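Now for the letters of each chain:
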Amino acid sequence: MLCFASAGAVAHAGAVRARCSASRAARAIGVQTRRATSSARRLAAAMTAGGPGGAEQKLKPVEWALLVLCGIAVPAVSCSVFQVARTGCGLPPGPYGLFGAAEGLGFLTLAALVGYSIRKKFSTGSGLVPGPYGLLGAAEGMAYLLLLVYIGEYTYYSLVMNAPPGGPQCY
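Scope of this entry: the structure provided in the associated data block.

Conventions we followed
Residues numbered from 1 in each chain as written. Predicted model: local features only at pLDDT ≥ 70, side-chain atom pairs only at ≥ 80, totals over all residues. Heavy atoms only, no water. Patch = residues over 30% accessible without salt bridge, like charges linked within 9 Å, V, L, I, M, F, W, Y side chains within 5 Å. Areas by Shrake-Rupley, 256 points an atom, 1.4 Å probe, with all protein chains shown as cover. Salt bridge = Lys/Arg side-chain N within 4 Å of Asp/Glu carboxyl O. Helix = DSSP H or I, 4+ residues; strand = E, 2+ residues; numbered from the N terminus. Core = buried A, V, L, I, M, F, W, Y, C linked by side-chain atoms within 4.5 Å. Buried < 20%, exposed > 50% of the residue type's maximum accessible area, 1.4 Å probe, protein only. Contact = heavy atoms within 4.5 Å. Expected span 1.5 Å × (residues − 1). Phe/Tyr/Trp six-rings, centres within 6.5 Å; stacked < 30°, edge-to-face > 60°.

Things to note about a nonpolar patch on the surface
Item 1. A contiguous nonpolar patch, built from Tyr156, Leu159, Val160 and Met161 and spanning about 450 Å² of accessible area, is present on the exposed surface.
Item 2. You can see Val160 is positioned in helix 5 (residues 135-160).

This is how it looks when you write it as structure tokens:
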């Protein structure tokens, strides 16, 4: 990269170097800004296009509802599954029965997500779209995992311990 000085500035070589350094720095910043801007544009285009394939992946209202509800259901069911593994009982009812209600609605939400996922897989041949940042796919995976673990715990307590979770020994 060459810098050309004007005739008046040639007499003062230090000023020329300073001006050249400043213009190089400005160009370097401009290049960085352009690179960052193009990277941001590509990222935004990939997010709106739904991924590298460019296919539009819009979530249906039922999928948005499941995504929002799973944000609440996954922690509640995770706590419940841990509590069942530790004590053989689910969550305690809590104040005004809120913990028990969250647990029950959480299981219903995860069952609805698994059912919707299976129905969509059989009807369209493809599963659920990953959703924004892959959250719907993560919620779907957690739903399958938590329900599988709970079924395993229920089977263990029913067959081995001869007392299914939530029996008369709980709360």
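Read on, since the account is not over.
A word on the nonpolar core
Generally speaking, nonpolar side chains in soluble globular proteins are found buried as a group.
Item 1. Ranked by size, the top nonpolar core spans 20 residues in total, and within it Cys70, Val77, Leu110, Leu113, Leu136 and Leu146 carry the most contacts.
Item 2. Mapped onto this core, the elements with two or more residues apiece are helix 3 (61-87), helix 4 (98-124) and helix 5.
Item 3. Apart from residues no more than four positions distant in its own chain, Leu146 is found in contact with Val74, Val77, Ser78, Val81 and Leu110.

Describing helix 5
Every α-helix winds through 3.6 residues per turn, so residues three or four apart in the chain are directed the same way.
Item 1. Here helix 5 is 26 residues long and its end C-alpha atoms lie 37 Å apart, about the 38 Å a rise of 1.5 Å per residue gives.
Item 2. The set of residues buried in helix 5 consists of Leu136, Ala139, Glu140, Ala143, Leu146, Leu147, Glu153 and Tyr157.
Item 3. Turning to helix 5, the residues buried within the fold contact helix 3 and helix 4.
Item 4. One or two positions beyond helix 5, positive phi appears at Asn162, with a value near 60 degrees.

Examining the pattern of salt bridges
Item 1. By the definition in use, this model includes 1 salt bridge.
Item 2. Salt-bridge contacts for Lys120 lead to Glu63; the nearest nitrogen and oxygen are separated by 3.1 Å. Of the two residues, Lys120 sits in helix 4 while Glu63 sits in helix 3, which places them 57 residues apart along the sequence. Comparing Lys120 with Glu63 shows no difference in burial state: the two are buried.

Focus: the packing of aromatic side chains
Item 1. Under the counting rule described, the total for this entry stands at 3 aromatic pairs.
Item 2. An angle of 35 degrees between the planes, with centres 6.5 Å apart, marks the rings of Tyr150 and Tyr154 as tilted. In this pair, Tyr150 and Tyr154 both sit in helix 5, 4 residues apart, roughly one turn of the helix.
Item 3. Residue classification places Tyr154 among the partly exposed positions, given a relative accessible area of 39%.

A few points about unusual backbone geometry
Item 1. Positive phi is not limited to glycine here, since Tyr96 has a value of about 60 degrees.
Item 2. Locating Tyr96 in the fold gives a position in the loop between helix 3 and helix 4.
Item 3. Residue classification places Tyr96 among the exposed residues on the basis of a relative accessible area of 85%.
Item 4. A positive phi is found at Tyr133, a non-glycine position, where the angle reads about 60 degrees.
Item 5. Summarising the element assignment, Tyr133 is placed in the loop between helix 4 and helix 5.

Read these as geometric descriptors, not functional statements.
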